[in-house]
Amino acid sequence: MNYDFSERETAFFSQIDELMQSLAEAGDSDRGDTGAVGHRLRHALKRLAETPYLKLGLQAQEGLDGPSLMRAMEIVSSLAPSLFLSVEMSARVFGRILSTWGNAEQKERWLAPLLKGEIVGALALSEDSLNVENEPLKTKAKAEGDAVVINGRKQYVVNGPVADWIAVAGAIEDKNAIFLIEKNAAGLRLGDRIATVGYEGAAICGLSLENCRIRADRVVGRFEPKEGLGKIRLWENQVIVGASLGLMKAAFESAKDYAKSHESGAKPVIAYQEVGFKLAEMLTLLQTSQLLACRAAWTAEHMPEEADSLTLCAKVFCTEASEDVAGKALQILAGAGYVSGNAAERAYRCAKYGQIAGTSTEIARVRIGDCALEKP
Ligand SMILES: Cc1cc2nc3c(=O)[nH]c(=O)nc-3n(C[C@H](O)[C@H](O)[C@H](O)COP(=O)(O)OP(=O)(O)OC[C@H]3O[C@@H](n4cnc5c(N)ncnc54)[C@H](O)[C@@H]3O)c2cc1C
């Protein structure tokens, strides 16, 4: 494994950094009205489509691979975490569903415009009670002639209020499949936008489906439950790892800058050894997380049989490190950190999400243990 990024990758990272600096200025963390959130997301997708970013992980891009994507995700997440989550659930999760299981017509119909930044997608997987790690999906579909009728409820759909198409996971006969539901479909009811601790600039809602009838050509894939949902969880977990790196980076940089520039007791606070130790621990966690995240991303492409376990290790480590680093950053900024609107407090609020969403850190630990013991 080569630990250096190539010139091609470095140029790509600069391109993404420059673009995201300008997009982040438009205000990432405002809860804002849903219309404004949707507008900001569409604008960002259009601009990102001018770069290779949206295509990574979905279509081969010369000189760019899994670790390049991980580094690019870190940049986007560090500058605009809410936008990052919204872009990723559309491009990397909704998009991968189509690139992995879609047939040629479905790719042409949905994937091509998605990669051009022309449509917004969402994933509706989680259900009302225990999550999909524990029991079969309660969302059920049944075939009726050349249509499929779907009933069920989903919670916490990122982009739900602004998406053009929602990929709903459900059971059909003894298999699982993804049902592509258009935003105004009869039988689809979107819940109110949910207010969350962090990522308040993303639009999130629950939804219900009551006899929602779609054409059979809007059913993507039919797969064994564990296999299909496992893949979706892997993609979500990769996104969350990238999110955590960005949160850590933003929190660390803001605390470092503040410690050098802010004086307390007639000297910069960096001069206090205890502050320096905190920064050292934060940097160690950030650097360890970056290495583990890139290793997991590389493994997903080159040794897929080990991808699940290593991605879960990265998810547990990076999401817990991000809470720790953000908390330490907030402590260094002290009063200024506790005031709303700075990178450290924003990272602190967002960090918890990573431990809950995707495969929770509890379930992840069980899975990592199972893999270590070679349990099926
Ligand atoms: C802000 C936000 C955005 C989200 N976005 C999306 C989205 O776009 N699409 C989507 O489909 N979902 C989304 N989710 C849902 C997210 O993936 C789920 O919340 C997550 O999977 C946890 O499910 P749950 O809340 O039902 O927890 P539960 O399953 O009810 O878990 C409760 C507690 O029990 C623990 N637990 C449960 N089962 C086990 C087990 N087998 N072993 C050990 N411990 C266990 C959990 O770790 C947790 O601590 C989002 C969630 C949030 C908060």
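Check the entry above for the structure.
Residues numbered from 1 in each chain as written. Predicted model: local features only at pLDDT ≥ 70, side-chain atom pairs only at ≥ 80, totals over all residues. Heavy atoms only, no water.

K.L.:
If you had to explain the environment of Glu144 to someone new, which residues and values would you point to?
P.N.:
Topologically, Glu144 is positioned in strand β2 (residues 140–144). The class of Glu144 is partly exposed, set by a relative accessible area of 31%. Along the backbone, Glu144 and Leu234 are 90 residues apart, and their C-alpha atoms lie at a distance of 32 Å. Excluding anything up to four places from it in sequence, Glu144 contacts Val149 and Arg213. Within the structure, Glu144 has its side chain in polar contact with the side chain of Arg213 (distance 2.7 Å). (Helix = DSSP H or I, 4+ residues; strand = E, 2+ residues; numbered from the N terminus. Buried < 20%, exposed > 50% of the residue type's maximum accessible area, 1.4 Å probe, protein only. Contact = heavy atoms within 4.5 Å. Polar contact = N/O pair within 3.5 Å; in protein donor to acceptor, adjacent residues only side chain to side chain.)

K.L.:
An account of the site of the ligand is requested, with residue identities and associated values reported.
P.N.:
Taken together, 22 residues are adjacent to the ligand, and Leu125, Ser126, Tyr156, Ser360 and Glu362 come closest. Here a nitrogen atom of the ligand and a backbone polar atom of Tyr156 are 3.0 Å apart. Of all elements in the fold, only β1 (121–124), β3 (147–158), α10 (343–356) and α11 (361–372) reach the threshold of two or more residues within the shell around the ligand. With four residues, β3 is the largest single contributor of residues to the shell around the ligand. Partitioning the shell around the ligand into residue classes produces 13 nonpolar, seven polar and two charged. (Near = heavy atom within 4 Å. Nonpolar A, V, L, I, M, F, W, Y, C, P; charged D, E, K, R; others polar.)

K.L.:
Which residues make up the packing of aromatic side chains, and what are the values?
P.N.:
Summed over the entire model, instances satisfying the criterion amount to six aromatic pairs. Between Trp101 and Trp235 the ring centres are 5.4 Å apart and the planes differ by 50°, which places this aromatic pair in the tilted class. Taken together, the residues span a long stretch of sequence, with Trp101 in helix α4 (residues 81–101) and Trp235 in helix α6 (residues 225–261) at a distance of 134 residues. Here Trp235 falls in the buried class, since its relative accessible area comes to 6%. Both rings, one in Trp110 and one in Trp165, keep their centres 5.2 Å apart while their planes meet at 80°; by these two values the pair is edge-to-face. Linking Trp110 in helix α5 (residues 104–115) with Trp165 in strand β4 (residues 165–172), this pair joins segments that are 55 residues apart in sequence. (Phe/Tyr/Trp six-rings, centres within 6.5 Å; stacked < 30°, edge-to-face > 60°.)

K.L.:
Which residues make up the packing of α6 against helix α8 (residues 307–333), and what are the values?
P.N.:
In the contact formed by α6 and α8, the axes pass within 8 Å of each other and the chain directions differ by 25°. It follows from the interaxial angle that α6 and α8 lie roughly parallel. Note on packing geometry: the crossing formed by α6 with α8 is left-handed. (Axes fitted to C-alpha atoms, helices over the stretch in contact; angles between N-to-C directions. Parallel < 35°, antiparallel > 145°, perpendicular 65-115°, else oblique. Left-handed = near helix turned anticlockwise from the far one by under 90°.)

K.L.:
Describe in detail unusual backbone geometry, supporting the description with residues and values.
P.N.:
If you check the backbone angles, Tyr156 has positive phi at about 50° while not being a glycine. When you line up the elements, Tyr156 lands in strand β3. In this structure, Asn211 is a non-glycine residue whose phi angle is positive, near 45°. Within the secondary structure layout, Asn211 lies in strand β7 (residues 204–215).

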